[in-house]
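Letter by letter, the chains look like this.
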Amino acid sequence: MKIRYDRNTCIGMFQCVDEWDAFEKNLDDGKADLAGAEEVEDGVFELEVPDGEEFEAEFSARVCPVDAIELYDDDGEQVV
Ligand code: SF4
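The following refers to the structure shown. Everything numeric in this text was worked out from a predicted model, so none of it was measured.

Parameters at a glance
Residues numbered from 1 in each chain as written. Predicted model: local features only at pLDDT ≥ 70, side-chain atom pairs only at ≥ 80, totals over all residues. Heavy atoms only, no water. Phe/Tyr/Trp six-rings, centres within 6.5 Å; stacked < 30°, edge-to-face > 60°. Lys NZ or Arg CZ within 6 Å of the ring centre and 35° of its normal. Helix = DSSP H or I, 4+ residues; strand = E, 2+ residues; numbered from the N terminus. Contact = heavy atoms within 4.5 Å. Polar contact = N/O pair within 3.5 Å; in protein donor to acceptor, adjacent residues only side chain to side chain. Salt bridge = Lys/Arg side-chain N within 4 Å of Asp/Glu carboxyl O. Buried < 20%, exposed > 50% of the residue type's maximum accessible area, 1.4 Å probe, protein only.

1. Points about the packing of aromatic side chains
Enumeration over the complete set of coordinates arrives at three aromatic pairs. Above the plane of the ring of Tyr-72 lies Lys-2, whose end atom (NZ or CZ) is 5.8 Å from the centre.

Printed below as a string of structure tokens:
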């Protein structure tokens, strides 16, 4: 399972931070940081979701009010 986070879209509401501790508040930028993620495009980050953290990752994607977080299963199908 892979999470894809568009930091350009993030408006810093930090709901994702409450759902999954991979997301951290960056108060200087007013945006979330996705710890350990790789920047695959300018401002777009991807991270393989660690085993056992799938639910947290899914909830973080669901609560984002601006849909900055997408989740993909192992077949590449978008889950959220
Ligand atoms: S919930 Fe969305 S808008 Fe809010 S901090 Fe997380 S990624 Fe950014």
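Moving on from the model shown.
2. Some remarks on the environment of Lys-31
Secondary-structure assignment places Lys-31 in strand 3 (residues 31–34). Linking Lys-31 and Glu-41, residues 10 residues apart in sequence, is a C-alpha distance of 17 Å. For Lys-31, the residues in contact, after removing those within four places along its chain, are Tyr-5, Arg-7, Asn-8, Cys-10, Gly-12, Phe-14, Glu-24, Lys-25 and Asn-26. Within polar-contact distance, the side chain of Lys-31 engages the backbone oxygen of Arg-7 at 3.0 Å. A polar contact is formed between the side chain of Lys-31 and the backbone oxygen of Cys-10, at a distance of 2.8 Å.

3. Quick word on the pattern of salt bridges
Inspection of every chain in the model, using the stated rule, returns six salt bridges. The closest approach of N and O atoms between Asp-29 and Arg-7, which form a salt bridge, is 2.9 Å. In this pair, Asp-29 sits in the loop between strand 2 (23–26) and strand 3 while Arg-7 sits in the loop between strand 1 (2–6) and helix 1 (15–19), placing the two residues 22 residues apart along the sequence. Classification of Arg-7 as buried rests on a relative accessible area of 15%. Of the charged contacts in the structure, one is a salt bridge between Arg-62 and Glu-58, with a shortest N-O distance of 2.8 Å. Pair noted here: Arg-62 and Glu-58 are both in helix 2 (residues 54–63), with a separation of four residues, about one helical turn. Here the salt bridges do not stand alone but share partners, grouping Lys-2, Arg-4, Glu-41 and Glu-46 into one network.

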